[in-house]
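Below are the chains, spelled out letter by letter.
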Amino acid sequence: MALSIVEGCVNCWACSVLCPSDAIYMVDAHFIIDQKKCAECNGEYADAQCASICPVEGAIVDATGQAINPPGSLTGIVPEMMEKTRAEIQAR
Ligand code: SF4
Ligand code: SF4
């Protein structure tokens, strides 16, 4: 099983230097996780190091597509409140 970097990644480089498997690198100006190398940090750390440092909610997902840091988990902002505020701002 391996994690993946999806849309939302801002190419901050933080995860790539932490990966114990050297599984994260840039391809065509975007970071990717090598599916053959990533072992989800099993045997190395209790938590996936890439997801624990990533500042962007939803940028890293597991093999089922579930975000390791789902909306609201880092900002503390309830997703429904974020949507409501965004809609209010766009309506101005
Ligand atoms: S889960 Fe661990 S091994 Fe996999 S890419 Fe992230 S830091 Fe590397
Ligand atoms: S830490 Fe997150 S935002 Fe930064 S490069 Fe890695 S996946 Fe992208």
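Look a little higher up for the structure.
How each quantity is defined
- Residues numbered from 1 in each chain as written.
- Chains lettered and ligands numbered in written order.
- Predicted model: local features only at pLDDT ≥ 70, side-chain atom pairs only at ≥ 80, totals over all residues.
- Heavy atoms only, no water.
- Helix = DSSP H or I, 4+ residues; strand = E, 2+ residues; numbered from the N terminus.
- Buried < 20%, exposed > 50% of the residue type's maximum accessible area, 1.4 Å probe, protein only.
- Contact = heavy atoms within 4.5 Å.
- Near = heavy atom within 4 Å.
- Nonpolar A, V, L, I, M, F, W, Y, C, P; charged D, E, K, R; others polar.

**Q** Looking at this structure, how should I read the overall build of the protein chain?
**A** Within the protein chain, the regular secondary structure consists of three helices and four strands. Ordered by position from the N terminus, the helices and strands of the protein chain form the series β-α-β-β-α-β-α. Principal axes of the C-alpha set define a box for the protein chain whose edges measure 45 × 30 × 20 Å. Counting all 92 residues of the protein chain, 25% fall into the buried class. Partitioning the contacts of the protein chain with sequence separation of at least 6, the portion at a separation of at least 24 is 45%.

**Q** Looking at this structure, how should I read the site of ligand 1?
**A** Taken together, the neighbourhood of ligand 1 is formed by 13 residues, with C19, C38, E40, C41 and C50 sitting nearest. A breakdown of the residues in the shell around ligand 1 according to their chemical character gives 10 nonpolar, two polar and one charged.

Geometric descriptors of this kind do not, in isolation, establish any biological role.
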